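Notes for the structure review
The residues making up each chain are set out below.
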Amino acid sequence: MLPLLLAPRAGQRPLRRVADLGCGTGIVAELLARQGCAVIAIDRAESRLALARQRLAPYPQAECRSGDAADPPLAPGEVDAIVSRNLLWLLPRPDQALRRWRGLVAPGGRVAAIEASHRHERSWIATLQRRLGAAGRHGGGPLAAAADAGPALACWRQAGLEAARALDLSWVTAVKLHAAGAPLAALLNRSRYYAVLGEAPAGG
């Protein structure tokens, strides 16, 4: 999955310096480090970042930084690519975060994210609360209720990211539900994973 997000386009140099925003315990950052990427893992939760530091300790080209994923502690052009997983749906203004990220990757660099549709409908309790008019407790921004990758693609384009495109990762959903051994959940679940990626303008 990650190789798909970082595969260089024709004429593009390899994307080797990568920031993992909202890294959590560092699972994605470790996968990137194993592929030889120079990784900067960023999260604002110190408890998760401590686990990420342990996970990334064997990789000298990886480091952890404390900071807000929406406004990460990166210098402009410090990385070739920014990736995130299960993050943008939580942000109230994902377009603003993407615009900030666009300015942090090197010219021609990439911004990519893995998300899922129907975030708000994953919990039957949350769905019942909404139908009864109760306030939701799960949070989430405009992408949380998206039925497909369309709204995310619109955010990429609003942020000025070029060649924005979506990848269907619905097979990830199927694998996760199969591994969980939950046939009823598989039947009722309408969420589907997808990835969206785009390039920063070559002129910066």
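Residues numbered from 1 in each chain as written. Predicted model: local features only at pLDDT ≥ 70, side-chain atom pairs only at ≥ 80, totals over all residues. Heavy atoms only, no water.

Some points on the nonpolar core
In terms of nonpolar packing, the biggest core is built from 32 residues, with Leu21, Leu74, Ile82, Leu88, Leu98, Trp101 and Trp156 touching the most fellow members. For this core, the elements supplying multiple residues, two or more each, are strand E1 (17-21), strand E2 (38-43), strand E4 (79-85), helix H4 (94-102), strand E5 (105-116), helix H6 (150-158) and strand E7 (193-199). The element best represented in this core is H6, accounting for four residues. Ignoring any residue separated from it by four or fewer positions in sequence, one finds Leu74 in contact with Ala19, Ile40, Ile42, Arg65, Val79, Ile82, Arg100 and Leu104. Core analysis: the second largest hydrophobic core is formed by 28 residues, Leu5, Cys23, Ala29 and Tyr193 among them. (Core = buried A, V, L, I, M, F, W, Y, C linked by side-chain atoms within 4.5 Å. Buried < 20%, exposed > 50% of the residue type's maximum accessible area, 1.4 Å probe, protein only. Helix = DSSP H or I, 4+ residues; strand = E, 2+ residues; numbered from the N terminus. Contact = heavy atoms within 4.5 Å.)

Describing the side chain of Glu199
Along the polypeptide, Glu199 turns up in strand E7. A polar contact of 3.1 Å, which involves the side chain of Glu199, links it to the side chain of Arg110. (Polar contact = N/O pair within 3.5 Å; in protein donor to acceptor, adjacent residues only side chain to side chain.)

Overview of the pairing of E7
In summary, the side chains of a regular strand alternate between the two faces of the sheet. Counting buried positions along E7 gives seven out of seven residues, so the element sits mostly inside the fold. Residues Tyr193, Ala195, Leu197 and Glu199 of E7 are buried on one face, and the alternating residues Tyr194, Val196 and Gly198, pointing to the opposite face, are buried as well. Pairing of E5 with E7 involves seven bridges; the strand directions are antiparallel. When the bridges of E7 are listed, Ala116 appears paired with Tyr193. Across five bridges, strand E6 (residues 162-168) lies against E7 in antiparallel orientation. Note that in E7 the partner of Arg165 across the bridge is Leu197. (Pairing = 2+ DSSP bridges.)

Quick notes on unusual backbone geometry
Glycine aside, residues mostly have negative phi, and peptide bonds are mostly found in the trans state. Positioned with a positive phi, Asn86 is a non-glycine residue whose angle comes to about 55 degrees. Within the secondary structure, Asn86 is located in the loop between E4 and H4. Looking at Asn86, the relative accessible area reads 23%, which means it is partly exposed. The phi dihedral of Ala163 falls on the positive side, at around 50 degrees, and the residue is not glycine. As for its placement among the helices and strands, Ala163 is situated in strand E6.

Observations concerning the side chain of Glu30
Summarising the element assignment, Glu30 is placed in helix H2 (residues 27-34). A polar side-chain atom of Glu30 sits 3.3 Å from a polar atom in the side chain of Arg55. Each residue touching Glu30, except ones within four places of it in the same chain, is listed here: Arg55, Leu56 and Tyr59.

Details of the pattern of salt bridges
With the rule as written, the count across this model stands at 11 salt bridges. Here Arg53 ties to Glu46 by a salt bridge, and the two come within 4.0 Å at their closest N and O atoms. Accessibility expressed as a relative area gives 38% for Arg53, which makes it partly exposed. Exposure remark for Glu46: the relative accessible area of 44% places this residue in the partly exposed category. A salt bridge links Glu199 to Arg165, with the shortest nitrogen-to-oxygen separation between them at 2.8 Å. Linking Glu199 in strand E7 with Arg165 in strand E6, this pair joins segments that are 34 residues apart in sequence. Of the residues examined, Arg165 reaches a relative accessible area of 23% and is grouped as partly exposed. Salt bridges sharing partners connect three or more residues here, namely Arg13, Arg17 and Asp80. (Salt bridge = Lys/Arg side-chain N within 4 Å of Asp/Glu carboxyl O.)

Concerning H4
Turning to H4, its buried residues are Pro94, Asp95, Ala97, Leu98 and Trp101. For H4, the arc enclosing every buried residue in end-on projection is 160 degrees, short of the 170-degree limit, so these residues lie on one face. Contacts from the buried residues of H4 go to E1, E4, E5 and H6. (Arc of directions from axis to C-beta.)

A closer look at the sheet that holds strand E3 (residues 62-66)
With mixed pairing, the seven strands of this open sheet are ordered in space as E3-E2-E1-E4-E5-E7-E6. Looking at strand neighbours, the two that pair on one side only are E3 and E6, the edges of this open sheet. Taken over all neighbouring pairs, the strand axes of this sheet differ in orientation by 15 degrees on average, direction set aside. Packing of H2 onto the sheet brings it into contact with E1, E2, E3 and E4, and relative to E2 it is tilted by some 175 degrees. Strand contacts of H4: E1, E4 and E5, with the helix running at about 145 degrees to E5, the strand carrying the most contacts. (Axes fitted to C-alpha atoms, helices over the stretch in contact; angles between N-to-C directions.)

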